[in-house]
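Topology and contacts: notes
Letter by letter, the chains look like this.
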Amino acid sequence: MRRRLLLVPATLLGALALVFAFLHLVPGDPVEVMLGEFAMPADVASMRRGLGLDRPLPVQFVRFLAGLVTGDLGDSIAFRAPVTRVIAERYLATLELAAAALLLALLAGIPLGVLAALRHGSAADALIRGLSLLGVCVPSVWLGPLLILVFSIQLAWLPVSGRGSLAHLVLPATTLALGMAAILIRLTRASMLAVLRDAHLRTAVAKGASACRTVTHHALPSALPPVVTVVGLQAGALLAGAIVTETVFSWPGIGRLLVQAIAARDYPLVQGCVLVVAVTYILMNVTADLLVAWLDPRTREDA
Amino acid sequence: MPRKRRGTMAAIAGAGGLLGLMLLAAAVPWLPLDSPYVTDLDARLATPSAAAVLGHDALGRDVLARMAYGARISLGVGVCTVVASLTLGIALGALAGYLGGWTDEIVARVIDVLLAFPGILLAVALAAVLGPTLPNVVLALSALGWTGYARLTRTQVMSLRQRDFVVAARALGVGPVRIVTRHLLPLAAPLLLVQATFGLSGAILAEATLSFLGLGVPPPLPSWGAMLDEGRVFMLVAPHLVVAPGLALAVTVLALQLLGDGLRDLLDVPS
């Protein structure tokens, strides 16, 4: 565990270096790409100076890191505003969507997984397994438009797109949650099945613990740690999945911003979006690791 | 139902579906289909009929033909990505696992950094700077896809390298390349096969996602993801444009999931 935590700064630095290198991956001259082929040479030169691209690479990297510390990610070309400010507005919208999706996935995935494990081999188990397989197979590029088709166009129950009321949140959150819910069902079920065979459960039952208490006090605490690890990993997948979902539902979050920034060839903004999502993801994984260590003492020792 | 038997059934169903799709994709040029590129403005957004089973898209192109040619692109990009990722992943993973030391440290750190980014995000960023062409999609997806295979190969090679049969082979003067390819990799093959099956489904979905975002296959090439993107604007008047390509994607992924799950049960690979 300690070793994993020690690796976090190294991983973060590596991720930052990769994001920094990103601007230099652009084939040709990024400034000419951004300004177009008819740009005035003076504009090209001033933009290159503005982005610091005229300095040696190590100097650029240090300036990049120094900028990060002070919250300066450069200026967005399309929005004519600091990248940090443009992102800050959208970040909350993405967090709101991801949190709603996470909640939905947890509320659907864990109880269904537990139920399937408890009724192992029954029709309910088969049904839940079928549902989770379906959830894995329906991609959000399809589910999103399909939900709009049914619930916004045919039934006219929910708004097509945008952000505002709770009703706006339902379809995007469902789209984003489905894949994760499907994975959580599988995992919770498998983890519970393994725990249910354990001796300590038989002891609990033999001591006269009720079925309900056996599940909530003995089986679930043992079955949850692997689920939490995957929730941490999947929470990042939610952030990445938000790219598609936000595009489908015109949700004003960071995923849609990234797509807009790419379309506008606004590379400083693209860099900022990638950076913010990656850092959030790394921190989420660390949180999940810490949570697992708290839930399951066995993992606290160095492994 | 016992694990093996369920595995066999799932594997057969999945393999059958996949084989059918691949044969269909291979046979497309010989099938009696319209061109996927010829536009017919009179037939714009025409709903399915006897003449055009899946109707026409916004430019009056035959949707069935585009679906069929799209299968070639989706499966083609998927297979190329998996082959490239697998080759790179096995090579780097075996190198790191067998040599250990600094080589291992470097490969492991690179994997850590790449895996520190959530799934599709880096592919989106990479595809964006590389520009939307077919080879670039494969490049962007493989540049990130190899990490899983490398990690798997590395762990396997590391755990097997000190076993008696490897020590014996080394004592007999067998070279490192031959030890890895003949003695170590065959033992890792079942794991890699299962991972590659899920990897194929991941690559197909990733291509669809990139194309959906306009960062994948350039128009007018038909890709299921691009078709979903084009069709979504006309959902109100022509829902068939959204239903057909999505269904094709879901069925393909379902076949691969069944195959992967089945192989995992059959080959006794831990999940």
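Here the structure is a predicted model, which means the values were calculated and not measured.

Conventions adopted
- Residues numbered from 1 in each chain as written.
- Chains lettered and ligands numbered in written order.
- Predicted model: local features only at pLDDT ≥ 70, side-chain atom pairs only at ≥ 80, totals over all residues.
- Helix = DSSP H or I, 4+ residues; strand = E, 2+ residues; numbered from the N terminus.
- Buried ≥ 20, exposed ≤ 12 C-beta atoms within 10 Å, placed from the backbone.
- Contact = placed C-beta atoms within 7 Å.
- Nonpolar A, V, L, I, M, F, W, Y, C, P; charged D, E, K, R; others polar.
- Core = buried A, V, L, I, M, F, W, Y, C linked by C-beta atoms within 7 Å.
- Axes fitted to C-alpha atoms, helices over the stretch in contact; angles between N-to-C directions.
- Parallel < 35°, antiparallel > 145°, perpendicular 65-115°, else oblique.
- Expected span 1.5 Å × (residues − 1).
- Left-handed = near helix turned anticlockwise from the far one by under 90°.
- pLDDT = per-residue confidence, 0-100.
- Bend = angle between axes of the 7 residues up to and from the residue.

This next bit is on the overall build of chain B. What chain B contains, in helices and strands, is nine helices and zero strands. When the elements of chain B are put in sequence order from the N terminus, they spell out α-α-α-α-α-α-α-α-α. On the principal axes, the C-alpha backbone points of chain B span a range of 75 × 45 × 30 Å. Taking all 271 residues of chain B together, the buried fraction comes to 49%.

When its secondary structure is counted, chain A shows twelve helices and two strands. Seen along its three principal axes, the alpha-carbon backbone of chain A occupies a region of about 80 × 55 × 30 Å. A buried classification covers 39% of the 303 residues belonging to chain A. Contacts spanning at least 24 positions in sequence make up 71% of the contacts within chain A whose residues lie at least 6 apart.

Residues and elements named next belong to chain B. Tracing the backbone shows His-183 in helix α7 (residues 176-212). His-183 sits in the partly exposed class, given 18 other C-beta atoms within 10 Å. Distance from His-183 to Val-157, taken between C-alpha atoms, is 9.8 Å for residues 26 residues apart in sequence.

For the rest of this paragraph, the subject is the environment of B:Ala96. Residue and element names in this part refer to chain B. Within the fold, Ala-96 resides in helix α2 (residues 63-99). Residues Ala-96 and Leu-191, spaced 95 residues apart in sequence, show a C-alpha to C-alpha distance of 18 Å. Excluding anything up to four places from it in sequence, Ala-96 contacts Thr-103, Asp-104, Val-107, Ala-108 and Arg-154.

Glancing now at the interface of chain B and chain A. Facing 33 residues of chain B, the contacting portion of chain A comprises 38 residues. Within the residue set of the side of chain B that touches chain A, elements represented by two or more residues are α3 (101-115), α4 (120-130), α7, α8 (224-232) and α9 (240-266) of chain B. At seven residues, the largest contribution of residues to the side of chain B that touches chain A is made by α9(B). In the side of chain B that touches chain A, the residues fall into 24 nonpolar, six polar and three charged.

Our next topic: the nonpolar core. The biggest cluster of nonpolar side chains holds 158 residues, and the ones touching the most others in it are A:Cys273, B:Ala123 and B:Val124. Setting aside chain neighbours within four positions, we find B:Ala123 in contact with B:Ala140, B:Leu141, B:Leu144, B:Ala206 and B:Leu210.

Residue and element names in this part refer to chain A. Put simply, helix α5 (residues 83-118) and helix α11 (residues 254-263) touch, their axes get as near as 8 Å, and they point 135 degrees apart. In terms of orientation, α5 lies oblique with respect to α11. Residue-level inspection shows Ile-87, Arg-90, Tyr-91 and Thr-94 of α5 in contact with α11, the latter providing Ile-254, Gly-255 and Leu-257. The residue makeup of the contact of α5 with α11, split by class, is four nonpolar, two polar and one charged.

The terminal C-alpha atoms of α3(B), which comprises 15 residues, lie 21 Å apart, in line with the 21 Å expected from a rise of 1.5 Å per residue. Listing the buried residues of α3(B) in full gives B:Val107, B:Ile111, B:Val113, B:Leu114 and B:Leu115.

Turning next to unusual backbone geometry. In this structure, B:Pro220 follows B:Pro219 across a cis peptide bond, with omega equal to 5 degrees. By the secondary structure assignment, B:Pro220 is in the loop between α7 and α8. Phi angles above zero are rare outside glycine, and A:Arg80 is one such case at about 50 degrees. Residue position: A:Arg80 is located in the loop between β1 (75-76) and β2 (81-82). Note on A:Arg80: 8 C-beta atoms within 10 Å, which makes it exposed. Within the chain, A:Ser250 stands out as a residue other than glycine whose phi angle is a positive 45 degrees.

Moving on to the packing of helix α1 (residues 3-27) of chain B against α9(B). Residue and element names in this part refer to chain B. Between α1 and α9, the shortest axis-to-axis distance is 7 Å and the interhelical angle comes to 145 degrees. At the point where α1 passes α9, the crossing takes the left-handed sense. In terms of residue class, the contact of α1 with α9 is built from twelve nonpolar, six polar and five charged.

Residues of chain A with pLDDT of at least 70 account for 94%, and the chain-wide mean is 82. Averaged over each element, pLDDT in chain A is lowest for helix α9 (residues 199-206) of chain A (71) and highest for α5(A) (90).

A word on the environment of B:Thr81. Residues and elements named next belong to chain B. Mapping Thr-81 onto the fold places it in helix α2. Under the C-beta neighbour-count criterion, Thr-81 is labelled buried, with 27 such atoms within 10 Å. Note: C-alpha distance between Thr-81 and Ala-203 (122 residues apart in sequence) is 6.7 Å. Setting aside chain neighbours within four positions, we find Thr-81 in contact with Val-138, Leu-141, Ser-142, Gly-145 and Ala-203.

For helix α5 (residues 134-160) of chain B, spanning 27 residues, the distance from its first C-alpha to its last is 39 Å, which sits close to the expected 39 Å at 1.5 Å a residue. Along its length, α5(B) reaches its greatest deviation from straightness, about 35 degrees, at B:Ala143.

All names here are of chain B. Summary statistics for chain B give a mean pLDDT of 86 and a share of 98% for residues scoring 70 or more. Confidence scores differ between elements of chain B, with α4 showing the lowest mean pLDDT of 84 and α2 the highest of 91. Across the whole predicted complex the pTM is 0.86, and at the interface the ipTM reaches 0.81.

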